[in-house]
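# A structural walkthrough
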Amino acid sequence: MGETLVIGTRGSLLALRQSEMIKELLEARWPDLHVSLEVIKTTGDRILDVPLAKVGGKGLFVKEIEEALMGGRVDLAVHSMKDVPAQLPAPLDLAVVPAREDPRDVLVSQRFESLDDLPHGAVVGTSSLRRAAQLLVLRPDLCIENLRGNLDTRLRKVREGAYDAVVLAAAGLHRMGWQDRITAYLDPERFVPAIGQGALGLEIRKDDDRVRALLEPLHDASTARAVAAERAFLHTLEGGCQVPIAGHAVMSKDGVVLTGLVASLDGRTVYRESAGAPLGSEEALGNDLARRLLDAGAREILDAIYSAS
Ligand SMILES: NCc1[nH]cc(CCC(=O)O)c1CC(=O)O
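Okay, so let's go over this structure. (Residues numbered from 1 in each chain as written. Predicted model: local features only at pLDDT ≥ 70, side-chain atom pairs only at ≥ 80, totals over all residues.)

## Things to note about the packing of helix H9 (residues 221-237) against helix H10 (residues 282-308)
Look at H9 against H10: their axes get within 7 Å of each other, and the N-to-C directions meet at 35°. Of the two possible hands of crossing, H9 and H10 adopt the one that is right-handed. The segment H9 lies against H10, with Arg225, Ala228, Ala229, Glu230, Arg231, Ala232, Phe233, Thr236 and Leu237 engaging Glu282, Glu283, Leu285, Gly286, Asn287, Leu289, Ala290, Arg291 and Leu302. Residues that form the contact of H9 with H10 fall into these classes: nine nonpolar, three polar and six charged. (Axes fitted to C-alpha atoms, helices over the stretch in contact; angles between N-to-C directions. Helix = DSSP H or I, 4+ residues; strand = E, 2+ residues; numbered from the N terminus. Left-handed = near helix turned anticlockwise from the far one by under 90°. Contact = placed C-beta atoms within 7 Å. Nonpolar A, V, L, I, M, F, W, Y, C, P; charged D, E, K, R; others polar.)

What follows is the structure in structure tokens.
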């Protein structure tokens, strides 16, 4: 009998797929290692009929898994990075960040070819305030309707015609092998992705050197830098996934360029800027860009949203 490692995971098809992928990579790299999955139900999985923005609180999809990690019931949590709040519990560490999947959002529609092709007043389903606000920036005439549920549920609802289109993350569809459902990729300059979208975060106990060493070969330094810039931006804005905030970093050989956006819920007011920095200054870049947006007027948008909720 070799070594064992237990992954704590949500039970959604996408979460299971992502955890399976990490299990396969680890077992391929360490032939004596046996990895098992332990499914944990999170608050976000339990409350499916309420818009996430109304459920409130940060980390709805990670909290129970982090508790299992801290309690020693599991050794590793495989999260979608975009579900992980900027601030982690002190005993835990996002130790390893594997190479990023496609960070873009995509449009999925049965009848229309693109965002511009949607008819006036078309019904688009999303429960993301970020997606809703950016849809309204580009197409103020659209009718945004709340749509929660796992990826498979959302795809079924658009297929059944309950919505003219939905917006989803390319990464989830790619990982599930459902890329044939994608109608159009949205340009990340025009439709800015969520902080951490397309990246996974491997979370462990900070003092667990055994698991840290096992995961080490899966780390991608370039993705980690991009995500560090995006998460510093989020941290300084003090945002959860319940506010219309977007951030996307692109790495080059010698630097990083970060685009950040804060929009009002109706998409009528948008603050958006890009800035670059040399490698190694990702956190400062994210913090600075957030402060610039706050000073430009984003603070008023966020204050209004937080005081209303
Ligand atoms: N909000 C749920 C969620 N969390 C991560 C992904 C996609 C995978 C990723 O971004 O890595 C999704 C689905 C979606 O937004 O379409």
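## Quick notes on the site of the ligand
Neighbouring residues of the ligand: Ser80, Lys82, Asp83, Leu151, Leu168, Ala169, Ala171, Gly172, Gln197 and Gly198. Going through the elements one at a time, strand E8 (165-169) and helix H7 (170-176) are the ones with two or more residues in the shell around the ligand. Residue composition of the shell around the ligand, by class: four nonpolar, four polar and two charged. (Near = placed C-beta within 6 Å.)

## What to know about the pairing of strand E3 (residues 76-80)
Judged by how many residues are buried, E3 sits mostly within the fold: five of five residues are covered. By the alternation rule, side chains of E3 split into Leu76, Val78 and Ser80 and Ala77 and His79, which are all buried. Where strand E1 (residues 4-9) and E3 come together, two bridges link them in parallel fashion. Bridged to Gly8 within E3 is Ala77. (Buried ≥ 20, exposed ≤ 12 C-beta atoms within 10 Å, placed from the backbone. Pairing = 2+ DSSP bridges.)

## Focus: the sheet that holds strand E13 (residues 270-278)
Strand order across the open sheet formed by three strands is E11-E12-E13, with antiparallel pairing between neighbours. Every interior strand has two partners, whereas the edge strands, strand E11 (245-251) and E13, have only one. The mean angle between the axes of side-by-side strands here comes to 15°, regardless of whether they run parallel or antiparallel. For E11 and strand E12 (residues 255-263), the ladder comprises seven bridges, and the chain directions are antiparallel. Counted as the bridge partner of Val250 is Val257 from E12. Taken strand by strand, H9 contacts E11 and E12, and its axis lies near 150° from that of E11. Each of E12 and E13 is contacted by H10, which is oriented at about 165° to E13, the strand it contacts most.

Function cannot be read off these values alone, since they describe shape.
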